[in-house]
Amino acid sequence: MEHVKPRRRYDSSGRQAQARRNRETILDAAERQFLEGGYAATTIAAIAGEAGVSVETIYKAFGGKPGLVRAIYDRGLTGRKPVPAFQRSDAMRERETDPRTIMRNWGVLTSEVSSVVAPIARLVRSAAASDPDMAALLRTSNDTREERARHHARFLKQRGYLREGVTLAQATDILWTCTSDELYDLLVVQRGWSPPRFARFLADYMIATLLRPAH
């Protein structure tokens, strides 16, 4: 009787890991070229050459330059740690009972994310004036930040942390402003503040404008 070798199991985990590495390599190359050469001047061919992949691979994975920029921006929103910043933020606020500690942690997280996102956000703002895809991405990113700000403002109101006279809409606007890359750009990039100083400023400002006075 002929011996039949068992079929090898398809190793999908290895292929998935390689795909993730390829994706990161492409995004790293794209981010460097976009930031150095600008959105309009950067080509998919140049990105593919640096990343060591085909042009078709990039189009298949990202759909072109707008998709690349969106992916770079979304990657930046996770921050600098394995667990995405928004997950760390929500977990922290649920376990903390001191609203001032929550604000200080939010300041640190915002500074961390802004340090990653601000460069690509400046690129998007600059390109949005003449490129409809980048204009759409700018609107989407602002809307997403507003949703997160309202999410946190609602939490502060439900916990009874909000200062008397501060409405949910006002709290949302304050948090939305604090998480803007424009504010980070003004103080850290243009004025030379360190990220820790920026984080302390955000915390102090949010405490002063949002929370009830300490007794």
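Model, not experiment: these values are computed from the prediction. (Residues numbered from 1 in each chain as written. Predicted model: local features only at pLDDT ≥ 70, side-chain atom pairs only at ≥ 80, totals over all residues. Heavy atoms only, no water.)

Participant: Where do I start with the pattern of salt bridges in this structure?
Facilitator: For side chains of opposite charge, pairing can occur when their charged atoms come near one another. Using the criterion set out here, one finds 13 salt bridges in the structure. Linking Asp-28 and Arg-75 is a salt bridge whose minimum nitrogen-to-oxygen distance equals 3.0 Å. In this pair, Asp-28 sits in helix α1 (residues 12-37) while Arg-75 sits in helix α4 (residues 65-77), placing the two residues 47 residues apart along the sequence. You can call Asp-28 partly exposed: its relative accessible area is 44%. For the salt bridge of Arg-88 with Glu-112, the shortest nitrogen-to-oxygen distance reads 2.8 Å. One end of the pair, Arg-88, is in helix α5 (residues 85-95); the other, Glu-112, is in helix α6 (residues 99-128), and 24 residues separate them in sequence. (Salt bridge = Lys/Arg side-chain N within 4 Å of Asp/Glu carboxyl O. Helix = DSSP H or I, 4+ residues; strand = E, 2+ residues; numbered from the N terminus. Buried < 20%, exposed > 50% of the residue type's maximum accessible area, 1.4 Å probe, protein only.)

Participant: Whenever I open this one, the side chain of Glu-31 confuses me. Can you help?
Facilitator: You can see Glu-31 is positioned in helix α1. When neighbours within four sequence positions are excluded, Glu-31 is seen to be in contact with Ile-72, Arg-75 and Val-116. (Contact = heavy atoms within 4.5 Å.)

Participant: Explain the nonpolar core to me, please; I cannot follow it from the model alone.
Facilitator: Across soluble globular proteins, you tend to see nonpolar side chains buried next to one another. Of all hydrophobic cores here, the largest spans 30 residues; its most connected members are Phe-34, Ile-47, Ile-58, Leu-68, Val-69 and Met-134. Of all the secondary-structure elements, those providing two or more residues to this core are α1, α2 (44-51), α3 (55-62), α4, α6 and α7 (132-159). The biggest single contributor to this core is α6, with nine residues. Of all hydrophobic cores here, the second largest spans 27 residues; its members include Ala-171, Leu-187, Trp-193 and Met-206. (Core = buried A, V, L, I, M, F, W, Y, C linked by side-chain atoms within 4.5 Å.)

Participant: Would you explain the environment of Gly-38 in this entry?
Facilitator: Locating Gly-38 in the fold gives a position in the loop between α1 and α2. The partly exposed category is assigned to Gly-38, whose relative accessible area is 22%. Residues Gly-38 and Val-124 lie 86 residues apart in sequence; the distance between their C-alpha atoms is 9.7 Å. Ignoring sequence-local partners within four residues, the contact set of Gly-38 consists of Gln-33 and Leu-123.

Participant: I keep staring at α5 and nothing clicks. Help me out?
Facilitator: Each α-helix turn comprises 3.6 residues. Residues three or four places apart therefore point the same way. Every buried residue of α5 is accounted for by Ala-85, Arg-88, Ser-89, Met-92 and Arg-93. Within α5, the buried residues cover an arc of 125° as seen down the axis, which keeps them to one side. In this structure, the buried side of α5 is in contact with α4, α6 and α7. (Arc of directions from axis to C-beta.)

Participant: Where do I start with the side chain of Ser-89 in this structure?
Facilitator: As for its position among the elements, Ser-89 is in helix α5. For Ser-89, the side chain forms a polar contact with the side chain of His-152, separated by 3.4 Å. For Ser-89, the contacting residues outside a window of four places in its chain are Trp-106, Leu-109, Arg-148 and His-152. (Polar contact = N/O pair within 3.5 Å; in protein donor to acceptor, adjacent residues only side chain to side chain.)

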